[in-house]
Amino acid sequence: MVTPFDDNYFMKKALQEAELAYQSGEVPVGAVVVVNNRIIGKAHNLTERLMDVTAHAEMQAITAASNFLGGKYLHGCTLYVTLEPCQMCAGALYWSQISKVVYGAKDLERGFNVMGGHLHPKTEVVGGIMENEASEMLKRFFIQRRNLN
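Throughout, a residue's number is its position along its own chain's written sequence, starting from 1. It should be noted that, the model being predicted, local features are given only for residues of pLDDT at least 70 and side-chain atom pairs only at 80 or more, the latter also being counted only at that level, while totals for whole chains, interfaces and linings use all residues. As a rule here, side-chain values cover all heavy atoms of the structure and leave hydrogens and water aside.

Q: Which residues make up the environment of Tyr9, and what values go with them?
A: By the element assignment, Tyr9 lies in helix α1 (residues 7–23). For the exposure calls, accessible area comes from a 1.4 Å probe over protein chains only, and a residue counts as buried if that area is under 20% of its type's maximum, exposed if over 50%, partly exposed in between. Taking relative accessible area as the criterion, Tyr9 reaches 29% and is therefore assigned partly exposed. Taking the C-alpha atoms as reference points, Tyr9 and Ile39, 30 residues apart in sequence, are found 11 Å from one another. Only DSSP runs of H or I reaching four residues or more are called helices, and only runs of E reaching two or more are called strands; each is numbered from the N terminus.

Q: Tell me about helix α3 (residues 57–69), and name the residues and values.
A: Turn by turn, an α-helix covers 3.6 residues, leaving residues three or four places apart pointing in a common direction. Here α3 is 13 residues long and its end C-alpha atoms lie 18 Å apart, about the 18 Å a rise of 1.5 Å per residue gives. Listing the buried residues of α3 in full gives Ala57, Glu58, Met59, Ala61, Ile62, Ala65 and Ser66. Only heavy atoms enter the contact rule, under which two residues are in contact if any of them lie within 4.5 Å. Those residues of α3 that are buried lie in contact with β1 (30–35), β2 (38–44), β3 (77–83) and α4 (87–96). Downstream of α3 by one or two residues, Gly70 has phi in the positive range, about 75°. What a helix is expected to span follows from its residue count: subtract one and scale by 1.5 Å.

Q: Can you tell me about the pattern of salt bridges, naming the residues and giving the values?
A: We count a salt bridge whenever a side-chain nitrogen from Lys or Arg sits within 4 Å of a carboxyl oxygen from Asp or Glu. For the coordinates displayed, the defined rule picks out two salt bridges. Taking the shortest distance from any N to any O, the salt bridge between Glu109 and Arg110 comes out at 3.7 Å. Each member of the pair Glu109 and Arg110 is classed as exposed. Here Lys139 and Glu136 are joined by a salt bridge, their closest N and O atoms 3.8 Å apart. Here Glu136 and Lys139 lie together in helix α6 (residues 131–148), a separation of three residues that amounts to about one turn. For Lys139, a relative accessible area of 47% gives the class partly exposed. Glu136 sits in the partly exposed class, given a relative accessible area of 46%.

Structural measurements only, silent on function.
Next up, the structure:
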């Protein structure tokens, strides 16, 4: 029997965040941070709105989760993110000592694996969860953006 709180459940929540980014003209990446089957941080890309290159979904979700917990370490937490984190976000995840990172689509150009970034040695990484849904949203966004220009 599948519990409603599996990787797909939380990735769907991250995809909902990505959809919010899509609707506001941001690159559609969404993230949620979970501890004990409870979402304690959620966010989507805000780089355009905030005019801040560091306002990636992961960075925003890490901050929200840290504020919720009242500390900088995310031990026992899992980040669900629709796109493989970039090297900058991987660095922040490293320092947060997050326990697990689950991502949807691979980022073959800027993902932390391609760029030589790494996470904390104790951080578990799982990729490819709802990869098709995450990839399709990104493809749709960039096709639409090209057609507008």
